[in-house]
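Residue-level structure breakdown
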Amino acid sequence: MAEHTLARRSPLPITRCLLPALAALALAAAPLRAQLLRLEVVDAGSGRSVPGALVGILDARGQVVLRTATSSTGRRAVALPGGGAYRVHVRRIGYEPYTSPAITVAVGDTVPLVVRLPNRPVVLPAVRSTGAAQCDLRDGAGGAERVRVFTLWEQLRTALALTELARQDAAGGDTLDAEHAPGEVLQYVTRLAPDRHTVLRHTVRPAQPAQPRPFATFTPAELSARGYVRHEPSGLVVAAPDERVLLSDAFAAEHCFRLVPGDGARAGMVGIAFTPARDRRVPDIAGVLWADSATLRLRV
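We now turn to the structure provided with this report.

The rules behind the values
By convention here, each chain's residues receive numbers from 1 onward along its written sequence. It should be noted that, the model being predicted, local features are given only for residues of pLDDT at least 70 and side-chain atom pairs only at 80 or more, the latter also being counted only at that level, while totals for whole chains, interfaces and linings use all residues. Hydrogen atoms and water are omitted, and side-chain values are computed over all heavy atoms in the structure. Paired strands, as defined in this entry, are two strands with at least two bridges between them according to DSSP. Numbering goes from the N terminus for both helices and strands, where a helix is a DSSP run of H or I of at least four residues and a strand is a run of E of at least two. Only the stretch in contact is used when a helix axis is fitted, and all axes are lines through C-alpha atoms; the angle between N-to-C directions ranges over 0 to 180 degrees. Residues adjacent in sequence count toward polar contacts only when both atoms are side-chain atoms; beyond that, a polar contact is any pair of N or O atoms within 3.5 Å, and within protein one must be able to donate a hydrogen and the other to accept it. In this analysis, two residues are considered to be in contact whenever any of their non-hydrogen atoms come within 4.5 Å of each other. Patch members must show over 30% relative accessible area and no salt bridge, and they are joined within 9 Å when carrying like charges or within 5 Å when they are nonpolar side chains of Val, Leu, Ile, Met, Phe, Trp or Tyr. Under the convention used here, a 1.4 Å probe and the Shrake-Rupley method define accessible areas, while residue burial counts only the protein chains that appear. Any carboxyl oxygen of Asp or Glu within 4 Å of a side-chain nitrogen of Lys or Arg constitutes a salt bridge here. In this analysis, the protein atoms alone were mapped onto a 1 Å grid. Cavities are point sets where a 1.4 Å probe fits without being able to get out; pockets are open sets with protein on both sides within 12 Å along at least five of seven lines; lining residues have an atom within 4 Å of a point. Grid points are joined across faces, edges and corners, and a volume is the space filled by probe spheres set on the points.

1. Describing the sheet that holds strand 8 (residues 110–117)
Pairing is mixed in the open sheet, where three strands are placed in the order 4-1-8. A strand with exactly one partner marks an edge of an open sheet, and here the two such strands are strand 4 (75–79) and strand 8. Ignoring strand direction, the axes of neighbouring strands in this sheet form an average angle of 25°. Across five bridges, strand 1 (residues 36–43) lies against strand 4 in antiparallel orientation. Paired with L36 across the strands is A79, a residue of strand 4.

In structure tokens, the structure reads:
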């Protein structure tokens, strides 16, 4: 058994004990001033505020140091990681992105900044289903068809990023804008016959208030390495992507994309279909994300 010996020391005078403690309390009572950027995003043409815009704060090297979204009033207070030069990159659905000139913020300063967005809507030409699939959309370089696919993909990524930020706000107790609030959750349960086509039972569980993340999937890194289907002790597990997966660089690098026109129930929409890249050797997924062809807002 280990033995511990406590050395006895002579007690210090009470004033010598209290003075350092009082000094520490005084320091704790005076919080350090953080540098703050008070953003207001407005439309340059109308002067109206722009709610629900995706905002990225860029440092002097052009790296994104944080992301946020404007509130229903088009404003947002942003705590910066340090003093220096910053630019504001703004994306709003249906419009070309905009990056502001650099602004210098000193340590401890609060700087107001009004970002005036040029009114330049994104217009996609008529979509035909004959376009070849474009793979690895981590940048917009390439031919005209690749640029068109990348443009729509970035619009849909903007919508997904706003959804992710709304979930983070909800987890932190912030008030959400109605358009991006999670709302209610319905759970659909379908039991299939062994042929995988015949529906034996289909039920819908009652609506309930949405939690910040009512359904969870595996991380993008796990899905990239192991795929979307795996055998667990409880049985076969089939994973679906959430917005974090669809926003990941791994998903953009491991899938091919093409534009598809909507018809029938999808009339008035434009879709971006994704399929696994040819070199994928794990179970993967294919699907379509549908957007309004006029506003480019994510619908399905």
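2. Section: the side chain of Q155
With respect to the helices, strands and loops of the structure, Q155 is situated in helix 2 (residues 144–171). Reaching out from Q155, the side chain makes a polar contact with the backbone nitrogen of G94 at a distance of 2.5 Å. Setting aside residues no more than four positions away along its own chain, Q155 makes contact with R92, I93, G94, Y95, V122 and L296.

3. Section: a nonpolar patch on the surface
A surface patch of nonpolar side chains, amounting to about 300 Å² of accessible area, comprises L186, Y188 and V204. Take L186: it is sitting in strand 10 (residues 184–192).

4. Observations regarding empty space enclosed by the protein
One pass over the structure, following the stated rule, counts one cavity of 30 Å³ or more. Its boundaries defined by the atoms lining it, the largest cavity holds a volume of some 50 Å³. Lining the largest cavity are P220, L223, S224, Y228, V245, S248, A250, F251, E254, H255 and R280. Listed by contribution, the elements that provide at least two residues to the lining of the largest cavity are helix 3 (220–226) and helix 5 (249–253).

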